[in-house]
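Structural description and commentary
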Amino acid sequence: MEGIKMTAKSLALSVDQVTKTYGTAVALSGASLTVEPGEMVALIGASGSGKSTLLRLASGLVLADSGSGAIRLFGEKVQENGKLSARVRRARAKVGFIFQQFNLVTRASLYANAMLGSLGQIAPWRGITGSFPDDVRKRAMEALERVGVAGHAGKRAANLSGGQQQRGAIARALVQRAEAIFADEPIASLDPVSARRVMRLLAELNEQDGLTVVVTLHQVDYALKYCRRAVALKAGEIIYDGPISGLTRERLIEIYGDEYRDVMDEEPVRA
Ligand SMILES: Nc1ncnc2c1ncn2[C@@H]1O[C@H](COP(=O)(O)OP(=O)(O)OP(=O)(O)O)[C@@H](O)[C@H]1O
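Residues numbered from 1 in each chain as written. Predicted model: local features only at pLDDT ≥ 70, side-chain atom pairs only at ≥ 80, totals over all residues. Heavy atoms only, no water.

- The protein chain is annotated in an unreviewed UniProt entry as Phosphonates ABC transporter, ATP-binding protein from Glycocaulis alkaliphilus.

Structure (structure tokens):
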């Protein structure tokens, strides 16, 4: 494929001139972005810069302003011109979305949550009655093992730690047979060890299984460590899109504002 421009069909994500306003607040402004299959991309930017909005638009949970271009997942249209596509379900089927608030059904077991990844593949009555086919049960257990939480399969999601829940959500994406995982702040509320586990798992799925990963991150350190490409938003505009090595000191100050200079230069309060 080298030297050949990838078509929208072969791209994991394509966002074409998309704007989203909430009242008078511009959350995303004429953003265009493409992600190729197999990439691991960090979406960074200060709080309120538009990272979550971009992922929500990609999932079809939020509609862009009219006049916006198309958003596609693996060539299938999610929305265009502020209208949901008729093929949105087909588009969504290829991506496991992990949003902080809506990750798991908290009253259900981790095992049941993982099986829910099969909803698009089985007869609706099976999902409603919870009578999942044997192959789904098997795949759910394998996925929980793969992400390292099989020992908690029978526990209610509500009774598990944030890190275990995040890994459960990743297992659900594996049962879904997702070709990509789009995760919104998957490590925001995790301790450093749990955060590292989740990021390593995403990186492993990217490297070993070829899953495309798009992940919003607050901590630049994790982006530098686990992602090869960064897309930085500022006030709804993409102001950097390139290799992670391009996140120089000056660029980070541009992304996070002048005060970030102090953050980088600050001495520890206690030695
Ligand atoms: N449902 C909403 N109603 C009104 N304004 C919203 C809504 N969702 C987002 N916004 C606004 O859009 C802008 C972008 O928000 P968004 O959540 O995408 O930023 P973010 O970069 O993900 O922030 P954070 O890192 O804090 O999660 C912000 O100004 C926010 O207040």
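1. Considerations on the sheet that holds strand β9 (residues 212-216)
- Taken in spatial order, the six strands make up an open sheet running β7-β8-β9-β3-β10-β11, and their pairing is mixed. The open sheet has two free edges, formed respectively by β7 (95-98) and β11 (237-243), since each of these has just one partner strand. Pairwise comparison of adjacent strand axes, ignoring direction, gives a mean angle of 15 degrees for this sheet.
- Strand contacts of helix α9 (residues 249-256): β3 (40-44), β10 (229-234) and β11, with the helix running at about 40 degrees to β10, the strand carrying the most contacts. (Pairing = 2+ DSSP bridges. Helix = DSSP H or I, 4+ residues; strand = E, 2+ residues; numbered from the N terminus. Axes fitted to C-alpha atoms, helices over the stretch in contact; angles between N-to-C directions. Contact = heavy atoms within 4.5 Å.)

2. Here's the deal with the site of the ligand
- As a structural note, the neighbourhood of the ligand is formed by Tyr 22, Ala 27, Ala 46, Ser 47, Gly 48, Ser 49, Gly 50, Lys 51, Ser 52, Thr 53 and His 218.
- At 2.8 Å, a backbone N or O of Gly 48 approaches an oxygen atom of the ligand.
- Note that an oxygen atom of the ligand is positioned 3.1 Å from one of the backbone N or O atoms of Ser 49.
- For the ligand, whose free accessible area comes to 630 Å², the fraction covered by protein is 60%.
- The dominant element in the shell around the ligand, judged by the number of residues it contributes, is helix α1 (residues 51-59), at three residues.
- Along the lines of polarity and charge, the residues of the shell around the ligand split into three nonpolar, seven polar and one charged. (Near = heavy atom within 4 Å. Polar contact = N/O pair within 3.5 Å; in protein donor to acceptor, adjacent residues only side chain to side chain. Areas by Shrake-Rupley, 256 points an atom, 1.4 Å probe, with all protein chains shown as cover. Nonpolar A, V, L, I, M, F, W, Y, C, P; charged D, E, K, R; others polar.)

3. Structural notes on the environment of Gln 219
- Tracing the chain through its elements places Gln 219 in the loop between β9 and α8 (220-226).
- C-alpha separation for the pair Gln 219 and Ile 187, spaced 32 residues apart in sequence, amounts to 9.3 Å.

4. Description of the nonpolar core
- Judged by nonpolar contacts, the single largest core of 54 residues is most densely connected at Ile 170, Ile 181, Met 199 and Leu 217.
- When residues of this core are assigned to their parent elements, the largest contribution, seven residues, is made by helix α7 (residues 192-209).
- Discounting chain neighbours no more than four positions away, the residues touching Met 199 are Met 40, Ile 187, Val 215, Leu 217, Tyr 222 and Tyr 226.
- Formed by 30 residues, the second largest nonpolar core is a distinct cluster that contains Leu 28, Leu 55, Ala 180 and Leu 233. (Core = buried A, V, L, I, M, F, W, Y, C linked by side-chain atoms within 4.5 Å. Buried < 20%, exposed > 50% of the residue type's maximum accessible area, 1.4 Å probe, protein only.)

5. Here we look at the sheet that holds strand β2 (residues 25-35)
- Taken together, five strands build an open sheet; the order of strands is β2-β1-β4-β5-β6 and the sheet is antiparallel. For this open sheet the edge positions go to β2 and β6 (83-84), each flanked by a neighbour on one side alone.
- Bridge count between strand β1 (residues 13-22) and strand β4 (residues 71-73): three bridges; the pairing is antiparallel. Across the sheet, Leu 13 pairs through a bridge with Leu 73, a residue of β4.
- Set on the sheet, α1 makes contact with β1, β2, β4 and β5 (76-80); between it and β1 the angle comes to about 115 degrees.

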